[in-house]
Amino acid sequence: DYDIQIQVKSHDEIGNLAHAFNEMAKSIHLEEERKKEFLENVAHELRTPLSYVKGYTQAILDGVVKNEEEEQKYLQLISREAFRLQRLVGDLMDLSKLDSDQFTLNKTPIAYAQFIEDVLAKYEPILKEKQLGLQLELDPDPIILGDEGRIEQILHNVFDNAVKYTNPDGFIKITLRQHKGDCELIVTDTGNGIPAADLPYVMNRFYRVNKARSRFDGGSGLGLSIVKKLVELQNGKIEIESREHTGTKVSIVLPTIKEDWTS
Ligand code: ADP
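An account of the accompanying structure is given in this report. These figures come from a predicted structure and were not determined experimentally.

## Describing helix 7 (residues 223–233)
An α-helical segment advances 3.6 residues per turn. Residues three or four places apart therefore align on the same side. What helix 7 keeps buried is the set Gly223, Leu224, Ser225, Ile226, Val227, Leu230 and Val231. Where helix 7 is buried, its residues contact helix 2 (68–99), helix 5 (148–164), strand 6 (237–243) and strand 7 (247–257). Two residues or fewer after helix 7 comes asparagine 235, characterised by a positive phi angle close to 60 degrees.

Okay, structure coming up:
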């Protein structure tokens, strides 16, 4: 327990040892608290969609549903919640892997600009549907050494957020610039932004600014915490700037390799 603290006032070796012990006891206590909080969050996130699935299913079984159209509506809601559960479990598995030392990256050289464009191609329908403008300014030069699947995951999470938190008729701009030894990807949106008080926490596990809205959009609050870990594992850096009601800017810097990597 955290209460186990040794009271020593001396400044000799024993005193130092006691101090070290006290610090250790404190950090073990904090670790336990974090674990407990994490498990509580997991339980909560699982319980909400499960209770919806249970409720809608029961309604159908009880014959509360009047016609086929209504039944379709209920089935769609069940399917939505099942999808959310699947995503959540996937994210949790990822986090667990990322926390263990067994996590391995399969790194290959990637022509980053082309890779980004390929990922973005999948967003065409949703951009159209939400009437969002997209501006690309991609330097074709940067070659990064990364795990393709993981780089794609990073991009998906960041692009998803930009699309999700930007209102119809908004605008998303994506730039890629080569610097000396690294490159910077910047994703700016004209969305609802993040309040200054929340900004320091958005990359924490389960942190969401607006729980109700984010839940509706399918978010679990795990996306950015996974992105941060993945970026750091590939020796990169991520920074987020934002202003409420104005927009958000996400910057991801990754090391590059020389273009003539084949020679
Ligand atoms: P979620 O799955 O809820 O989107 P994330 O970890 O990806 O979780 O993001 C955490 C929170 O940060 C989100 O719930 C949202 O409140 C905020 N956020 C992230 N990206 C943006 C953005 N581009 N614009 C506004 N808010 C954002």
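## So, the pairing of strand 7
One ladder, built from 2 bridges, connects strand 3 (residues 143–147) with strand 7; its direction is antiparallel. Looking at strand 7, one finds that isoleucine 144 is bridged to threonine 256. Alignment of strand 5 (residues 182–189) against strand 7, held across 8 bridges, turns out to be antiparallel. Of the residues in strand 7, the one forming a bridge with leucine 185 is isoleucine 252. The sheet contact formed by strand 6 and strand 7 spans 7 bridges and is antiparallel.

## Here's the deal with the layout of surface pockets
Counted as a void, the second largest pocket has a volume near 470 Å³. At the level of elements, helix 1 (13–61) and helix 2 are the ones that each hand at least two residues to the lining of the second largest pocket. Counting residues per element, the lining of the second largest pocket draws most heavily on helix 1, at 7 residues. Tallied by class, residues from the lining of the second largest pocket come to 6 nonpolar, 3 polar and 6 charged.

## Here's the deal with the pattern of salt bridges
Summed over the entire model, instances satisfying the criterion amount to 14 salt bridges. Across the salt bridge formed by glutamate 45 and arginine 208, the nearest N and O atoms sit 3.1 Å from each other. Of this pair, glutamate 45 sits in helix 1 while arginine 208 sits in the loop between strand 5 and helix 6 (211–216), placing them 163 residues apart in sequence. Pair check on accessibility: glutamate 45 and arginine 208 agree, each one buried. The shortest N-O distance in the salt bridge between lysine 237 and glutamate 239 comes to 3.9 Å. Here the salt bridges do not stand alone but share partners, grouping Arg80, Glu81 and Arg84 into one network.

## Some points on empty space enclosed by the protein
Applying the stated criterion to the full structure yields 2 cavities of 30 Å³ or more. For the second largest cavity, the calculated volume is near 50 Å³. For the lining of the second largest cavity, the element with the highest residue contribution is helix 5, accounting for 3 residues. Classifying every residue of the lining of the second largest cavity gives 10 nonpolar, no polar and no charged.

## Quick look at the environment of valine 89
With respect to the helices and strands, valine 89 occurs in helix 2. Along the chain, valine 89 and leucine 46 lie 43 residues apart, while their C-alpha atoms are 8.8 Å from each other.

## Looking at a nonpolar patch on the surface
Taken together, the side chains of Ile4, Ile6, Val8, Ile14, Phe21, Met24 and Ile28 make up a nonpolar region of the molecular surface, amounting to roughly 620 Å² of accessible area. Within the secondary structure, isoleucine 4 is located in the segment before helix 1.

## Focus on the packing of helix 5 against helix 7
The contact between helix 5 and helix 7 brings their axes to 10 Å, and the two run at 145 degrees. Crossing geometry of helix 5 relative to helix 7 is assigned as left-handed. Of the residues in helix 7, those in contact with Arg150, Gln153, Ile154, Asn157, Val158 and Asn161 of helix 5 are Gly223, Leu224, Ile226, Val227, Leu230 and Val231. By residue class, the composition of the contact of helix 5 with helix 7 is 7 nonpolar, 4 polar and 1 charged.

Here is what the cut-offs are and how they apply
Residues numbered from 1 in each chain as written. Predicted model: local features only at pLDDT ≥ 70, side-chain atom pairs only at ≥ 80, totals over all residues. Heavy atoms only, no water. Buried < 20%, exposed > 50% of the residue type's maximum accessible area, 1.4 Å probe, protein only. Helix = DSSP H or I, 4+ residues; strand = E, 2+ residues; numbered from the N terminus. Contact = heavy atoms within 4.5 Å. Pairing = 2+ DSSP bridges. 1 Å grid on protein atoms, 1.4 Å probe; cavity = no way out; pocket = protein on both sides within 12 Å on 5 of 7 lines; lining within 4 Å. Points joined across faces, edges and corners; volume = space filled by probe spheres on them. Nonpolar A, V, L, I, M, F, W, Y, C, P; charged D, E, K, R; others polar. Salt bridge = Lys/Arg side-chain N within 4 Å of Asp/Glu carboxyl O. Patch = residues over 30% accessible without salt bridge, like charges linked within 9 Å, V, L, I, M, F, W, Y side chains within 5 Å. Areas by Shrake-Rupley, 256 points an atom, 1.4 Å probe, with all protein chains shown as cover. Axes fitted to C-alpha atoms, helices over the stretch in contact; angles between N-to-C directions. Left-handed = near helix turned anticlockwise from the far one by under 90°.

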